[in-house]
Amino acid sequence: MKKSSLTILLMTFLPSILMAQGSTDLSTENWMTSPGIIGTFILIAIVVLIAVFILSVRVSTYVESMKKKQFEKKNLEFSEELIRMDESEIDSILEKRKAAKAYKLSGNELGSDVLAQDDKGMINRVTHEPNNPLVDQKKKSPLSLETPEKLKKVVIYYIGASVFWLVFGTLVGQYAGMKFVWPEMDHLSFLGFGRLRPVHTNTVFWGWASLAMLGLGYFVITRTSNNTLFSYKLAWRAWRLINLSVLLGNIFLMAGINNGGGEYREYIWPIAVLFMLGLIITFFNFYKTVATRKISEIYISNWYILAGLLWTITLSVIGYLPNYQDGLGETVIQGYYMHQGVGMWFMTYTLGLVYYYLPSSLNKPIYSYSLGVLAFWTQMLFYTLIGTHHFVFSPLPWWLQTVAIVFSMGMFIPVVAGSTNFLMTMRGSWRQISSSYVLPFFLVGVIFYFVGSTQGSLQAFRFTNFVWHFTDFNVAHSHMTMYGIICFLLWACIYAILPKITGREPKQFFVGIHFWFAFIGMFAYMLSMMAGGTLKGLSWIEGNPFIESVILMKKFWVWRAIGGSMMFISHLIFAYNFYVMTRKQPELEMQVAASIQTDKTI
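Let me begin by describing the structure that accompanies this report. Values in this document were obtained by computation on a predicted structure and should not be read as measured data.

Rules used in this analysis
- Residues numbered from 1 in each chain as written.
- Predicted model: local features only at pLDDT ≥ 70, side-chain atom pairs only at ≥ 80, totals over all residues.
- Heavy atoms only, no water.
- Helix = DSSP H or I, 4+ residues; strand = E, 2+ residues; numbered from the N terminus.
- Buried < 20%, exposed > 50% of the residue type's maximum accessible area, 1.4 Å probe, protein only.
- Contact = heavy atoms within 4.5 Å.
- Areas by Shrake-Rupley, 256 points an atom, 1.4 Å probe, with all protein chains shown as cover.
- Salt bridge = Lys/Arg side-chain N within 4 Å of Asp/Glu carboxyl O.
- Core = buried A, V, L, I, M, F, W, Y, C linked by side-chain atoms within 4.5 Å.
- Domains from an automatic or database assignment.
- Polar contact = N/O pair within 3.5 Å; in protein donor to acceptor, adjacent residues only side chain to side chain.
- Patch = residues over 30% accessible without salt bridge, like charges linked within 9 Å, V, L, I, M, F, W, Y side chains within 5 Å.
- Lys, Arg positive; Asp, Glu negative; His and termini not counted.
- Charge placed at Lys NZ, Arg CZ, Asp CG, Glu CD.

Here we come to the overall build of the chain. Each helix and strand in the chain was counted, giving 20 helices and zero strands. The buried share among the 602 residues of the chain stands at 49%. Sequence separation of 24 or more characterises 82% of the internal contacts of the chain that already satisfy a separation of 6 or more. For the chain, the exposed surface amounts to about 30,300 Å²; the carbon and sulfur share of it is 67%.

Right under this line is the structure:
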């Protein structure tokens, strides 16, 4: 009786589920009208508009500078004309200037219909936006006097190590990308694509991005807590452990010793333990610094930073537990680990950095503390269950795939809240893009935060998964997020803080080259992989031989190599800028700078 009742119950409720799971016969006849495809086109258009906006502001500023030069030229000509004048003519001009000194405003200068002129030379700077206060141009900051030397050294060494791993990791990635165009480049086992690809991804993940994030976080944690760092010894131990894990991990990967097919989990567990220990030590150091803070509030940056560390320690342990490394359980854990690594480590932690460095760079408070809190808690809620959207139509339970898709849609809430918060903070400062080398990086990073995250949610739809999954489109998406969001925001934070703690500015020209080479290179890389990946997916759906999809990708892989080359060149320029910002000042130059700062203080 019990068995028959159970059978009736299953037969009543399961048919719809079984039919839903079996209904994978999707049509690609009108694939361009799919909401996910249309949304992706719109998002790409947003990136193009932002590029045009930044470029137009730059051109406008250049035109204004040319006009200023023409004005200065006229003044010079007038000065030379004065030299040729006789005494009576000069006396007449001086009398007019003397009368001008006694001039007083009548009160209706700004309200009349008369064209405004500044014959008296009284106006220094002008703004056409009454609600936007005039912001000082980029200047050296006295923060260097307030930052302990020990903390400066920690920040510089963490960022310095990250710069090294960025150059090395992207050199490997560039070489691996070129093998798509010239597969006969070498015949050495340790230079095979299967070994170089995880070296590239793990190096830029755990070497470049992680160390840069931690180095920037040390300054934020102490600054927002109005406190000294709990332990500098622990900071250096974590630095050694993380660098050692990346070094040993790359050696083992190139030797063919790895953890199997788990993406971003290729380091074997003894090496992964070194990285985990570094994070545990860092979390303890940060937590003790915040716990003993000299102010009552905990600034929202610390919420994101501590949460990112805590989540990453947790998912690292889960990702390497042997109990889950068999069968479909390993696939579920891979989706959890891979997406949590990106979203709860890199994204969460970097957003915490932006909540400090963006408003401090603009000399204004964050637009809304409440939006920040909303974005934080909704990210904690929705991001934890979206990893399975990478395995739609896999043997995993259909309900688990559906939950991942639904929670991917829920990610619109933290993304829109965070993007709005950052853009509203930047509101009124758009003209500063031409004079600041920090704001363009922040703007591109925030726009890609919205574009890349939203595109990821659209890609979670079953139809877009059907077209794009396992194609080069996913490579484009990963670079749109990890490069467009994380890298640009980290560069913005680095350019914001290093000149302030070292007293040395990078040259605007080289920062501009870094920005445009990185942006244009990434855009070329992204578009080529998106277009090629879409055609590859459609070719597979049509049932064409696999080799045809390889042949059609050749021209797109060429553009991938071109874009990657521009990105790599930008990293070399960034490394040079880092050297300029951190090289030791000559003793005489330091004395002069100190004397100037003393005069300003007095």
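Looking now at the pattern of salt bridges. Inspection of the entire model under this criterion finds five salt bridges. Among the ionic pairs, glutamate 149 bridges to lysine 152, the shortest N-O distance being 3.2 Å. On the criterion of helical spacing, the pair formed by glutamate 149 and lysine 152 is a turn pair, its members being three residues apart in helix H5 (residues 149–178). Relative accessible area serves as the criterion here: at 11%, lysine 152 is assigned to the buried category.

Glancing now at the nonpolar core. The biggest cluster of nonpolar side chains holds 155 residues, and the ones touching the most others in it are Trp206, Trp208, Leu353, Tyr357, Phe442, Phe488 and Trp491. Of all the elements, helix H16 (residues 473–502) adds the most residues to this core, at 20 residues. When residues are assigned to domains, this core turns out to be shared by domain 1 (2–86) and domain 2 (159–601), each giving three or more. In contact with phenylalanine 488, other than residues within four places in its own chain, are Phe441, Val444, Gly445, Tyr483, Phe515, Ala518, Phe519 and Met522.

Now for the environment of serine 408. Within the secondary structure, serine 408 sits in helix H12 (residues 398–410). Assessed through its relative accessible area of 2%, serine 408 is described here as buried. Remark: the alpha-carbon pair of serine 408 and serine 453, spanning 45 residues in sequence, is separated by 9.4 Å. A distance of 2.7 Å separates a polar atom in the side chain of serine 408 from a polar atom in the side chain of histidine 389.

On to a positive patch on the surface. Taken together, the side chains of Lys150, Lys233, Arg237 and Arg240 present a region of like positive charge at the surface. In terms of residue count, helix H7 (residues 232–254) provides more of the positive patch than any other element does, three residues in total. With respect to the secondary-structure elements, arginine 237 resides in helix H7.

Our focus in this paragraph is unusual backbone geometry. Not every positive phi belongs to a glycine, and asparagine 363 is a case in point at roughly 60°. Mapped onto the secondary structure, asparagine 363 falls in the loop between helix H10 (327–362) and helix H11 (369–382). The exposed category is assigned to asparagine 363, whose relative accessible area is 68%. The backbone of phenylalanine 470 sits at a positive phi, close to 70°, despite the residue not being glycine. Looking at where phenylalanine 470 falls in the secondary structure, it is placed in the loop between helix H15 (462–468) and H16. On the basis of relative accessible area, phenylalanine 470 is assigned to the exposed category, the value being 64%.

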